Protein chains: 4
Amino acid sequence: MAIRATVWNEFRHERENATVRAIYPDGIHQTIATALSRDAAIDVSTATLDEPEHGLGAQRLAETDVLLWWGHKAHGDVDDAVVERVAQRVYEGMGLIVLHSGHFSKIFKRVMGAPCSLRWREAGERERVWTINRAHPIAAGIGDAIELPNSEMYGEPFLVPEPLETVFISWYQGGEVFRSGLTYQRGAGKIFYFGPGHETYPIYHDAKIQKVLRNAVHWAHNPAEPWTDVSSAPNVSIAAAREPIEQRGGSLHAPGEDGFG
Amino acid sequence: MAIRATVWNEFRHERENATVRAIYPDGIHQTIATALSRDAAIDVSTATLDEPEHGLGAQRLAETDVLLWWGHKAHGDVDDAVVERVAQRVYEGMGLIVLHSGHFSKIFKRVMGAPCSLRWREAGERERVWTINRAHPIAAGIGDAIELPNSEMYGEPFLVPEPLETVFISWYQGGEVFRSGLTYQRGAGKIFYFGPGHETYPIYHDAKIQKVLRNAVHWAHNPAEPWTDVSSAPNVSIAAAREPIEQRGGSLHAPGEDGFG
Amino acid sequence: MAIRATVWNEFRHERENATVRAIYPDGIHQTIATALSRDAAIDVSTATLDEPEHGLGAQRLAETDVLLWWGHKAHGDVDDAVVERVAQRVYEGMGLIVLHSGHFSKIFKRVMGAPCSLRWREAGERERVWTINRAHPIAAGIGDAIELPNSEMYGEPFLVPEPLETVFISWYQGGEVFRSGLTYQRGAGKIFYFGPGHETYPIYHDAKIQKVLRNAVHWAHNPAEPWTDVSSAPNVSIAAAREPIEQRGGSLHAPGEDGFG
Amino acid sequence: MAIRATVWNEFRHERENATVRAIYPDGIHQTIATALSRDAAIDVSTATLDEPEHGLGAQRLAETDVLLWWGHKAHGDVDDAVVERVAQRVYEGMGLIVLHSGHFSKIFKRVMGAPCSLRWREAGERERVWTINRAHPIAAGIGDAIELPNSEMYGEPFLVPEPLETVFISWYQGGEVFRSGLTYQRGAGKIFYFGPGHETYPIYHDAKIQKVLRNAVHWAHNPAEPWTDVSSAPNVSIAAAREPIEQRGGSLHAPGEDGFG
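This one's a predicted model, so the numbers in the text were calculated from it and none came from an experiment.

## Topic: the overall build of chain A
Broken down by element type, chain A carries 7 helices and 9 strands. With the principal axes as the frame, chain A shows a C-alpha extent of 70 × 40 × 35 Å. Looking at the 261 residues of chain A, the share that counts as buried comes to 65%. Taking as baseline every contact in chain A between residues at least 6 positions apart, the subset at least 24 positions apart corresponds to 71%. Put simply, chain A shows about 8300 Å² of open surface, and 50% of that area lies on carbon and sulfur atoms.

## Some points on the relation of the copies chain D and chain A
After a rotation of 180° and a shift along the axis of 0.0 Å, chain D superposes on chain A with an RMSD of 0.0 Å. The operation mapping one copy onto its partner corresponds to a two-fold rotation axis. In this assembly the copies share their binding face: 100% of the residues contributing to the interface of chain D also contribute to that of chain A.

## Side note on the pairing of strand S3 (residues 66–70) of chain D
Residues and elements named next belong to chain D. Burial analysis of S3 places 5 of its 5 residues in the buried class, the great majority of the element. Looking at chain direction, strand S1 (residues 3–9) and S3 are connected through 5 bridges and run parallel. Bridge assignment links Thr6 to a residue of S3, and that residue is Leu67. Strand direction decides the pairing type here: S3 and strand S4 (residues 95–99), joined by 4 bridges, are parallel.

## Details of the state of the cysteines
Between two cysteines, a covalent bond joining their sulfur atoms is known as a disulfide. Enumeration according to the criterion identifies 0 disulfides over all chains in this entry. With no disulfide of its own, B:Cys116 lies 16 Å from the sulfur of A:Cys116, the closest cysteine sulfur. By relative accessible area, B:Cys116 is classed as buried at 0%.

## What about the interface of chain A and chain B?
Counting from both sides, the interface comprises 73 residues of chain A and, opposite them, 73 residues of chain B. Summed over both partners, the interface of chain A with chain B comes to about 5400 Å²; 58% of that surface belongs to carbon and sulfur atoms. Our enumeration of links across chain A and chain B arrives at 0 salt bridges. Taken together, the connections running from chain A to chain B amount to 30 residue pairs in polar contact (both at pLDDT 80 or more). Those elements giving two or more residues to the side of chain A that touches chain B turn out to be helix H2 (18–23), helix H6 (106–112), strand S5 (119–131), strand S6 (145–155) and strand S8 (177–186) of chain A. In terms of residue count, S5(A) provides more of the side of chain A that touches chain B than any other element does, 8 residues in total.

## Observations regarding helix H7 (residues 207–220) of chain A
All names here are of chain A. The end-to-end C-alpha distance of H7 is 20 Å, a good match for the 20 Å that 14 residues give at a rise of 1.5 Å each. Along H7, 10 of the 14 residues are buried, which leaves the element largely enclosed by surrounding structure. Where H7 begins, the side chain of Asp206 points an oxygen toward the backbone nitrogen of Lys208, at a separation of 2.9 Å.

## Things to note about the packing of aromatic side chains
Taken as a whole and assessed by the stated rule, the structure comprises 42 aromatic pairs over all chains. Plain terms: the ring middles of D:Phe158 and D:Tyr193 are 5.2 Å apart, the flat faces sit at 55° to each other, and that makes the pair tilted. With D:Phe158 in the loop between strand S6 (145–155) and strand S7 (165–172) and D:Tyr193 in strand S9 (residues 189–194), the pair connects residues that are 35 residues apart, well separated along the chain. Summarising the burial analysis for this pair, D:Phe158 and D:Tyr193 share the class buried. Here the aromatic rings of D:Phe168 and D:Phe194 are separated by 5.7 Å at their centres, their planes lie at 55°, and the arrangement is tilted. Here D:Phe168 is found in strand S7, whereas its partner D:Phe194 is found in strand S9, with 26 residues between them in sequence. On the basis of relative accessibility, which here comes to 0%, the residue D:Phe194 falls in the buried class. Aromatic ring contacts, followed pair by pair, group A:Phe108, A:Tyr154, A:Phe158, A:Phe178 and A:Tyr193 into a single cluster.

## Looking at the relation of the copies chain A and chain B
With an RMSD of 0.0 Å, chain A superimposes on chain B once it is rotated by 180° and translated 0.0 Å along the axis. The overlap is high: 100% of the interface residues of chain A also sit at the interface in chain B, so the same surface is used on both sides.

## Considering the interface of chain D and chain A
Contacts between the two partners involve 20 residues from chain D and, on the opposite side, 20 residues from chain A. Buried area between chain D and chain A, both sides added, is near 1700 Å², and the carbon and sulfur share of it is 60%. Taken together, the links from chain D to chain A amount to 0 salt bridges. Applying the counting rule to chain D against chain A returns 8 residue pairs in polar contact (both at pLDDT 80 or more). Secondary-structure elements contributing two or more residues to the side of chain D that touches chain A are strand S5 (119–131), S7 and strand S8 (177–186) of chain D. Considering each element in turn, the side of chain D that touches chain A owes the most residues, 6 residues, to S7(D). For the side of chain D that touches chain A, the residue count by class is 8 nonpolar, 5 polar and 7 charged.

## As for the sheet that holds strand S7 (residues 165–172) of chain A
Residues and elements named next belong to chain A. The 9 strands are arranged S2-S1-S3-S4-S9-S8-S7-S5-S6 in an open sheet whose pairing can be described as mixed. Looking at strand neighbours, the two that pair on one side only are strand S2 (42–48) and S6, the edges of this open sheet. Recorded for the sheet is a direction-independent mean angle of 25° between the axes of neighbouring strands. Taken together, the 6 bridges between S8 and strand S9 (residues 189–194) define a ladder with antiparallel strand orientation.

## Considering the sheet that holds S9(D)
Residues and elements named next belong to chain D. What the 9 strands build is an open sheet, ordered S2-S1-S3-S4-S9-S8-S7-S5-S6; its pairing is mixed. A strand with exactly one partner marks an edge of an open sheet, and here the two such strands are strand S2 (42–48) and S6. For this sheet the average axis-to-axis angle between neighbouring strands, irrespective of direction, equals 25°. Contacting S1, S2, S3 and S4, helix H3 (residues 28–37) runs over the sheet at an angle of about 175° to S2. Set on the sheet, helix H5 (residues 80–92) makes contact with S3, S4, S8 and S9; between it and S9 the angle comes to about 115°.

## Some points on the environment of C:Ala33
Residue and element names in this part refer to chain C. Within the fold, Ala33 resides in helix H3 (residues 28–37). Taking relative accessible area as the criterion, Ala33 reaches 9% and is therefore assigned buried. Placed 194 residues apart in sequence, Ala33 and Trp227 show a C-alpha to C-alpha distance of 27 Å. Not counting residues within four places of it along the chain, the set of residues in contact with Ala33 comprises Val7, Val44 and Thr46.

## Some thoughts on the packing of H3(D) against helix H7 (residues 207–220) of chain D
Residue and element names in this part refer to chain D. Contact geometry for H3 and H7: axes closest at 9 Å, N-to-C directions at 70°. Accordingly, the angle class assigned to the pair H3 and H7 is roughly perpendicular. Both H3 and H7 take part in a crossing whose hand is right-handed. Mapping the contact onto sequence places Ile32, Ala35 and Leu36 in H3 and Gln210, Leu213, Arg214 and Val217 in H7. Here the residues of the contact of H3 with H7 are counted per class, giving 5 nonpolar, 1 polar and 1 charged.

## Some points on the pattern of salt bridges
Residue and element names in this part refer to chain A. Taken as a whole and assessed by the stated rule, the structure comprises 68 salt bridges over all chains. Salt-bridge contacts for Arg179 lead to Glu156; the nearest nitrogen and oxygen are separated by 2.8 Å. Taken together, the residues Arg179 in strand S8 and Glu156 in the loop between S6 and S7 connect sequence positions 23 residues apart. For the pair shown, Arg179 and Glu156 are each scored as buried.

## So, the side chain of C:His54
Residues and elements named next belong to chain C. Mapped onto the secondary structure, His54 falls in the loop between strand S2 (42–48) and helix H4 (58–62). For His54, a relative accessible area of 10% corresponds to the buried category. Not counting chain neighbours up to four residues away, the residues in contact with His54 comprise Trp8, Ala47, Thr48, Leu49, Asp77, Val78, Asp79 and Val82.

Cut-offs and rules
Residues numbered from 1 in each chain as written. Chains lettered and ligands numbered in written order. Predicted model: local features only at pLDDT ≥ 70, side-chain atom pairs only at ≥ 80, totals over all residues. Heavy atoms only, no water. Helix = DSSP H or I, 4+ residues; strand = E, 2+ residues; numbered from the N terminus. Buried < 20%, exposed > 50% of the residue type's maximum accessible area, 1.4 Å probe, protein only. Contact = heavy atoms within 4.5 Å. Areas by Shrake-Rupley, 256 points an atom, 1.4 Å probe, with all protein chains shown as cover. Least-squares fit on C-alpha atoms with pLDDT ≥ 70 in both. Pairing = 2+ DSSP bridges. Disulfide = S-S within 2.5 Å. Buried area = accessible area lost by both parts, 1.4 Å probe. Salt bridge = Lys/Arg side-chain N within 4 Å of Asp/Glu carboxyl O. Polar contact = N/O pair within 3.5 Å; in protein donor to acceptor, adjacent residues only side chain to side chain. Expected span 1.5 Å × (residues − 1). Phe/Tyr/Trp six-rings, centres within 6.5 Å; stacked < 30°, edge-to-face > 60°. Nonpolar A, V, L, I, M, F, W, Y, C, P; charged D, E, K, R; others polar. Axes fitted to C-alpha atoms, helices over the stretch in contact; angles between N-to-C directions. Parallel < 35°, antiparallel > 145°, perpendicular 65-115°, else oblique. Left-handed = near helix turned anticlockwise from the far one by under 90°.

Written out as structure tokens, the structure reads:
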């Protein structure tokens, strides 16, 4: 069965800025969706900020195996309730791929629990994305590095938790470095942050960048059944204990009562 | 200079429940504060939920090096603005020690970015807290294990991110296990979660538990200057680049403009 | 294409000890091989200590995608050159699953770089293997826990590096805990340590244990091309630098010379 | 009490190569020792390859809290027995700081359990060592970056295990990146790898590099009592079990017998 990927895009700059529109006339989401759809094992759809519920209603999320997230200027317009819904689906097992300026999106900050800040410069300088672990499935077919002739600089310190794996680190012409490919796990959900993708350069038209995105969809897909009660804290009754025990000492909760969380 | 530790307590159960009051007549925070104050290198104060701003105004937090957090039934009463203020101070370098039922506090969920759920049972059963790394400073002087004759069971799965270090794992009489001592880093702040501490048992009167808390205050203290702009994403101008570069390609931002985050 | 798994067994206790032979008349390796072969996607073979080169010649290793390792009383009889050959294949991408008493095998200590010591007791007590992350592919289909009516106790502290992921933690009747399912990465190779498996109890006949082993073979398989030069440190000539540079300052090496390692 | 640091140096290039001797006339170890001795809390001594037992006899190691290691052309001349002795002391709690070309030393490969390979180029190009976590004690007082006008390039992929913490990442003029400051833990011992230090450039004369080394000595020092039996796997008798149990099922070991490891 194909992996159901949903490409989410803010889709504002493409409509308001001629430079961006020239590169992504149908929106960044459409370019990425087209790139993903070259893999027959990926079933792609899209969603954007200005759709009802930002296109991320409960049903849509339930039918999404991997969500890709691109946002930049309108992070603040994303509804908090939708962010919580997305976070919950990540915990249940939906993969999440956060792209470029999505480092400051509500959802990324939500699941990182960290500032997610960085340094930046929009000078069109060269970026070289080095593969740290060429044996990682996200780096399959990429080789030593991806060369981007024009890119926005994202520089360290990048205020994220220590990752599970460092997959890519970028070199910039202006002198900085950046951990541009990082993996995380939250609940049953696998998370990949990928740095390249500034909207004034044709980065999502690059063949290797597209390959990384397809690889990442496969990697982030967790085929396990959704862990729907992942956020609940059930009481285990004394009768249900695996070893025989008896009640002792003081008690706060009535029998069978839920926790206070 | 002494480490400034603030012990925060919800302080509700001690006033409402006779069992708890009998064990902690002045509140859990006072018992912990007394335990910490046996170490001359720790300067202790307390704060509670029902004080203005929960006792955690900006000035108080600025003068706190390490914050200990105990809450249970009233997590929902903690103001979101205070939670954000605490999170920001953690990112700047304040240590955070989250105790027992604080696993479901807003601040812990905020900095973990994860569900923080677990299984539980209040049966007064035995808990044995095994030291995984006796060479860790938090475990100094603890020996192989801490024996708690009566404890609340907290069982796996505990839905937190993989920790930097697993310091303690607990065994329960009823058959469960629990990672009861875990370390994390968020921004400049060091975080320690410590499982034992149910309010109907005299756990914070235990000498070894008190030793762990003193150790943890020392461990969580980051003597570096507060990283006050840790959450901002500054532009690095082309003129300020460490290597000479020139503007190329399209641009989205006006010169010197802040990011959209 | 099927995953080529090789089950390696010391195969001494089964021939020398009547208790063990009664449980594993054809050797532990045969019981495990039979369990793996129930998965049509796994192509199984075996190798044992007393075969030439311990059954792990260069050709055999080159044709192994995942190696499972069971040893106990004869760790010292394993040839150091074979250990190096296996380690090199792990670095190149071969998966390695180390079982039970293999914690003290030369190959496990070699790739951990740590003492790998633990506490133990052979009392036939109950072990309960708790699933920490039920969404991990190694835990697929296992549920909350595996109940083993008789097991050898392996207790913390277990002197291994902090793992990438903690998949299982065991509870023992006698009061101990043990991190019994841990993942690591070395070079391109994925490593899984799995605790249960003492030879005087029929643990490898347990259906859930067999399921874990099949799952682990899938997880440890890295489909990437073998990274055959993973251990070499090539010189990058000035002419081959991705940015134009010129020789400056003093020099130690002649042009094109290899490093000293 | 002062931290007892021992600076180990191969001390061959300084005697054989005029370029190196001009920069380090008394040897790299003396320059580092002088830098460390500016901190009154560090008590420094040195040891070199051509001393008996490489200057690392059992008594000397027992009196060393933190060992710094510089080697390059003669890794193969280091006696395996000394390597094992050093590894054992690391497990017991001695800190280990591995410098530059020490990435290919026997001791570093021994405790990493990984290839430790990388790419390199000796062109005297610029290196900029970026601070990833300025709040880390190893980075105290360093600021955003260390600028090295001439350095040897060390490039990714660097085949080491995922670190506990990434403290520094380097940028090179020729286009590469390198994780140049990484922390690990093995047993009770803390390990720091630090990339800069090629012998044909005066890198250990740099004030910030010297500050990192002093910081690292403090960080790597574990004040806990040496864990002298860290590598042994003791039997826990049934009588000594913390919960009452009785012998059941088959048995392999005679009572009180040691394991096979």
